[in-house]
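One-letter residues, chain by chain:
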Amino acid sequence: MSYFFQLVVSGIVVGSIYALSALGFVLIYKSSRVLNIAHGQIIAAGAFITYAFTVFVGVPIILSFFISLVLTFFLAMSVERIFLRRLIGEPIISVIMVTIGLMSILDGLIYLTPFGTENFSFPEFLPKTPISIGGVSISWTQLVGVIITFVLIGGFSWFFKKSTVGISMRAVSDDQLASMSIGISVPRVFGLAWATAGLSAAAAGSIIGNITGLNFDTLHAFGIIVFPVVILGGLDSIAGAIVAGIIMGLIQQFAAGYLDGNWGLNGTADVMPYIILLIILLFKPHGLFGIHEIERV
Amino acid sequence: MNAKRYFSMTTIFAAALSLVFSCGQQQAQQKQIAQAQKEARVYKIGLSLAITGPTSDAGNPYSKGVEDYLRFVNEEKLLGDDKIEYMIRDDQYKTDVTKRNFEDFLTEGMVFYLNYSTGSTLGLKKDFEEEKMPVVPASFHAGNLVDSNYIFLPIVSYSSQMIGLSDFLVSNHTGGTPKVAMFIHPSAFGRGPVEDTKNAVTAGLKMDIVEVVEHGKDLDNTAMLKRLLSKKVRYVLCHTVQSPVATLLKDAQRLGVIAQRFGESGKLTFLGVHYTGGNDLIALAGSAAENFYWSTSYTLTSEAGSGTLAQLALAKRYGRDDKAANSHNYTNGVMVAQIAVEAIRRAKARGVAVNRANLYQELLGMNGYNAFYPLTTVGPVSYSATDKEGVDTLQIYRVQQGVFKRVGAPFVSEFTKKVM
């Protein structure tokens, strides 16, 4: 039975990191209907900034983490200001193409640094001995990762539900013209959406980097890996990202734990999330929590 | 003719004579230089690889190794007045770009080609045959050699390494037939050695391959590790790149299942083939890399020797940082450049033209007393018409206190000879 619970714990750990990574997509889509293809690169940049401050500058890792959140917040905001602000009102496909271009630019910039072609590992700052209860273990890195994930997700949920700015962002997401007519600055909301997405990406990158080590290929791949999570949850739902992330994490762990290596099966942990995604989308085409917009003609 | 006039005429004549003489001398000197310049030749070597993009953590130091060694050859005149013109281009691990680079190199008059990835080596195999171009890739995939005459692996193939590593495992295991899992990259690169290792088992290598795991981008390998332990697996043979191995080792460390001594019961001993190891693994996995066993045919700078000292001096000469200087991928780059230069040197020594056909023949003749000892490897490079794996010997290393240390002497597995 401990095996089952171990898989549950591992699934929740992996799932919550997926949820945090997916959050960046959701935040931008929620306010601007844009899918940011360069999200993986921002995840990687956040991890590298944390590492650079920790190791090259000698700042304590916790402080580096917060510096990274702040810097990535402004980095993403600048990206929106420089590249995307001019595209407000243009077809969505144009904006998505710009994010593809942005991905190449960020790739190129990161390759100019040692992080593009070298591997690094965060200094070990948490106890090495895992927490074990009844045969179920979780490392401190994973536990801290899960806590940060839930704190951030809780914070964002509150922000969108209760704060004036958050409500403005939701209003812009619903109807840009109507929002402008009541005095909401749509460009400012877009900038803020990108900035908060950058912040969540930095958090996700730093957590993933602590688990896997810092390898650019591995880190930016998470921008794509979490795509099924975003689709399953519904592109514009924070709650959807959390639920879908954890569902995906659990499916992966159970597939790896019970299917792989049995009956000649192998690699089901990578395939099963997509199979489940397809099945759910057959019944819920907008994802689990996605809004089904009804157009009245 | 008065004396004054006589003196003037003599002076003019002497001046004219000396002018003519000095002109003649200058002309002779110029002729000599022109002759020398006419004789000095330029040989073109091409390299297309991932300096950026996927796997550039290996490709970047590899390219530096090639570049530094070829610069050294030119500057130290190791080929006399002849020079090597090296063309190194980034293909970002994209086979279509590799093909374009290769074709560009051909139009430039390349005589020797250094390739990189498994995918592009397999993809361009027909081009190499058509162009009759001697090629040394960074991929040691045994499949590169199937239906190929012109591809030469610098060291033993991944398959031979996996068999050698398995042989080492079986030789050092105590108590019954060891149960083994293979942890491989989900690609032609990763799958290559699986069948060959199974063939070695059929040929008498006494181990039980319980499971072959193709990994994904896993954040948590708990399920897999626990499953393997429940099947009494004691050894995990890895053939992939460092990043997934690092995550696997970190998870194993968290679960407390890394064997502290080889083959420890109830724990897992991790072993890996060439691209799983090196300093990058230690950089990624940290303390979890302790007791990881690794096979390669290269010498490492953590074990001082004449080859490694020369490598460090070369890296220092060209201002490379410690990370590049100590990377086994840098060694790999130096070594493939050494093979190319040695083939050119031998062709020159025999007085034949340095062209593709003759360099190919020089590679085929690198065996027996004519084997090549580059000092950057744990054995000689030997090729023949039937043997295209350069260095046949393998060295096992183990991570001890954050560095790879040699375990035993270089060896060739008897099962490699039987199966490959």
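Small disclaimer: the values here were computed from a predicted structure and weren't measured. (Residues numbered from 1 in each chain as written. Chains lettered and ligands numbered in written order. Predicted model: local features only at pLDDT ≥ 70, side-chain atom pairs only at ≥ 80, totals over all residues.)

Enquirer: How would you sum up the overall build of chain B? Please name residues and give values.
Expert: When its secondary structure is counted, chain B shows 15 helices and 13 strands. The principal-axis extent of the C-alpha atoms belonging to chain B is close to 120 × 40 × 40 Å. Counting the 420 residues in chain B, one finds 52% classified as buried. Residue pairs at least 24 apart in sequence account for 67% of intrachain contacts in chain B once pairs closer than 6 positions are excluded. (Helix = DSSP H or I, 4+ residues; strand = E, 2+ residues; numbered from the N terminus. Buried ≥ 20, exposed ≤ 12 C-beta atoms within 10 Å, placed from the backbone. Contact = placed C-beta atoms within 7 Å.)

Enquirer: For the overall build of chain A, give the residues involved together with the corresponding values.
Expert: Each helix and strand in chain A was counted, giving 13 helices and two strands. For 297 residues, the compact-globule formula gives about 19 Å, and the C-alpha radius of gyration of chain A, at 19 Å, lands near that figure. Expressed as a percentage of the 297 residues in chain A, the buried residues total 52%. (Rg over C-alpha atoms; globule rule 2.2 N^0.38 Å.)

Enquirer: Explain the confidence of the model for chain B to me, and be specific about the residues and the numbers.
Expert: Of all residues in chain B, 91% have pLDDT values of 70 or greater, and the mean over the chain is 90. The complex prediction reports pTM at 0.83, with the ipTM value standing at 0.79. (pLDDT = per-residue confidence, 0-100.)

Enquirer: Let's hear about the environment of B:Ser120: which residues, and what values?
Expert: All names here are of chain B. Assignment of secondary structure puts Ser120 in helix 4 (residues 118–123). Note: C-alpha distance between Ser120 and Pro54 (66 residues apart in sequence) is 13 Å. The contacts of Ser120, once residues within four sequence positions are left out, are Thr95, Thr98 and Asn115.

Enquirer: Run through the packing of helix 1 (residues 2–32) of chain A against helix 9 (residues 186–212) of chain A, naming residues and quoting values.
Expert: All names here are of chain A. Interhelical geometry of helix 1 versus helix 9 gives an angle of 170° and a closest axis separation of 8 Å. By the angle between their directions, the pair helix 1 and helix 9 is classed as roughly antiparallel. Facing helix 1, whose interface residues are Ile17, Leu20, Ser21, Leu23, Gly24, Leu27, Ile28, Ser31 and Ser32, helix 9 presents Val189, Phe190, Ala193, Trp194, Thr196, Ala197, Ser200, Ala201, Ala203, Ala204, Ile207 and Ile208. Tallied by class, the residues present in the contact of helix 1 with helix 9 amount to 15 nonpolar, six polar and no charged. (Axes fitted to C-alpha atoms, helices over the stretch in contact; angles between N-to-C directions. Parallel < 35°, antiparallel > 145°, perpendicular 65-115°, else oblique. Nonpolar A, V, L, I, M, F, W, Y, C, P; charged D, E, K, R; others polar.)

Enquirer: Which residues make up helix 9 (residues 242–255) of chain B, and what values go with them?
Expert: Residues and elements named next belong to chain B. Here helix 9 is 14 residues long and its end C-alpha atoms lie 20 Å apart, about the 20 Å a rise of 1.5 Å per residue gives. For helix 9, the tally of buried residues reaches 13 of 14 residues, placing the bulk of the element in the interior. Once helix 9 ends, the next one or two residues include Gly256, with phi positive near 70°. (Expected span 1.5 Å × (residues − 1).)

Enquirer: Tell me about the sheet that holds strand 12 (residues 394–400) of chain B, residues and numbers included.
Expert: Residue and element names in this part refer to chain B. Reading across from one edge, 7-6-8-9-10-12-13 is the order of the seven strands in this open sheet, with mixed pairing throughout. In the strand order of this sheet, the two ends are held by strand 7 (208–214) and strand 13 (403–411), each with one partner. Going from strand to strand, the sheet's axes swing by 25° on average, the running direction of each strand aside. The pairing of strand 9 (residues 269–272) with strand 10 (residues 293–296) spans two bridges and is classified as parallel. Across the sheet, the residue bridging to Gly272 is Trp294, located in strand 10. The strands touched by helix 6 (residues 158–172) are strand 8 (235–239), strand 9, strand 10 and strand 12; relative to strand 8, the strand with the most contacts, the crossing angle is about 165°. (Pairing = 2+ DSSP bridges.)

Enquirer: So what about the interface of chain B and chain A? Which residues, and what values?
Expert: The accessible area lost on association of the parts is a frequent measure of interface size. The interface of chain B with chain A comprises 32 residues on the first partner and 36 residues on the second. Breaking the side of chain B that touches chain A down by element, the ones donating at least two residues are helix 2 (56–75), strand 7, helix 8 (222–230), helix 9 and helix 10 (279–285) of chain B. Here the side of chain B that touches chain A gets six residues from one element, more than from any other, and that element is helix 9 of chain B. Counted by class, the side of chain B that touches chain A contains twelve nonpolar, ten polar and ten charged residues.

Enquirer: If you had to explain the domain arrangement of chain A to someone new, which residues and values would you point to?
Expert: All names here are of chain A. Per the domain assignment, the segments making up chain A are domain 1 (20–117 + 140–223) and domain 2 (226–290). One C-alpha centre belongs to domain 1, the other to domain 2; they are set 23 Å apart. The partner domain 2 presents eleven residues to the 13 residues of domain 1 that form the contact. Mapped onto the side of domain 1 that touches domain 2, the elements with two or more residues apiece are helix 1 and helix 6 (140–162). Per element, the largest residue contribution to the side of domain 1 that touches domain 2 is seven residues, and it comes from helix 1. (Domains from an automatic or database assignment.)

Enquirer: Give me the nonpolar core: which residues, what numbers.
Expert: In terms of nonpolar packing, the biggest core is built from 208 residues, with B:Leu249 and B:Ala340 touching the most fellow members. With near-sequence residues (within four places) excluded, B:Ala340 lies in contact with B:Ile45, B:Phe112, B:Leu114 and B:Val136. (Core = buried A, V, L, I, M, F, W, Y, C linked by C-beta atoms within 7 Å.)

Enquirer: Which residues make up the domain arrangement of chain B, and what values do they have?
Expert: Residue and element names in this part refer to chain B. When cut into domains, chain B gives domain 1 (42–156 + 304–387) and domain 2 (159–296 + 397–419). Listed by contribution, the elements that provide at least two residues to the side of domain 1 that touches domain 2 are helix 2, helix 4 and helix 13 (328–350). Across the side of domain 1 that touches domain 2, the residue classes break down as six nonpolar, ten polar and one charged.

Enquirer: Any details on the sheet that holds strand 3 (residues 110–115) of chain B? Residues and values, ideally.
Expert: Residues and elements named next belong to chain B. Taken in spatial order, the four strands of this open sheet run 2-1-3-4, and their pairing is parallel. Lying at the two open borders of the sheet, with one neighbouring strand each, are strand 2 (83–90) and strand 4 (135–137). Across the sheet, the axes of successive neighbouring strands diverge by a mean angle of 20°, strand direction being ignored. Sheet topology places strand 1 (residues 42–49) next to strand 2; eight bridges connect them, and they run parallel. For Gly46, the partnering residue across the bridge sits in strand 2 and is Met87. Contacts between helix 13 and the sheet are confined to strand 1, strand 3 and strand 4, with strand 3 contributing the most and set at about 160° to the helix.

Enquirer: Hey, could you go over unusual backbone geometry for me, with residue numbers and the actual values?
Expert: All names here are of chain B. Non-glycine residue Gln92 carries a positive phi angle of around 55°. If you trace the backbone, Gln92 turns up in the loop between strand 2 and helix 3 (95–108). For Asp147, which is not glycine, the phi dihedral falls at a positive 55°. You can see Asp147 is positioned in the loop between strand 4 and strand 5 (153–155). Note on Asp147: 10 C-beta atoms within 10 Å, which makes it exposed.

Enquirer: So, the packing of helix 2 (residues 39–57) of chain A against helix 9 of chain A: which residues are in play, and what are the values?
Expert: Residues and elements named next belong to chain A. Packing of helix 2 against helix 9 brings their axes to within 7 Å, and their N-to-C directions diverge by 65°. Between helix 2 and helix 9 the crossing geometry is right-handed. From helix 2, His39, Ile42, Ile43, Ala44, Gly46, Ala47, Ile49, Thr50 and Tyr51 reach across to helix 9, where they touch Gly198, Ala201, Ala202, Ala204, Gly205, Ser206, Ile208 and Gly209. A per-class count over the contact of helix 2 with helix 9 returns ten nonpolar, seven polar and no charged. (Left-handed = near helix turned anticlockwise from the far one by under 90°.)

Enquirer: Help me get a handle on the pairing of strand 13 of chain B, residues and values and all.
Expert: Pairing geometry for strand 12 of chain B and strand 13 of chain B, over six bridges, is antiparallel. From the neighbouring strand, B:Gln400 faces strand 13 of chain B, where its bridge partner is B:Val403.

Enquirer: Report on helix 13 of chain B, specifying residues and quantitative values.
Expert: All names here are of chain B. Counted at 1.5 Å a residue, the expected span for helix 13 with its 23 residues is 33 Å, and the 33 Å between its end C-alpha atoms agrees. Burial within helix 13 is extensive, with 18 of its 23 residues counted as buried. Once helix 13 finishes, Gly351 follows within two positions and takes phi at roughly 75°, a positive value.

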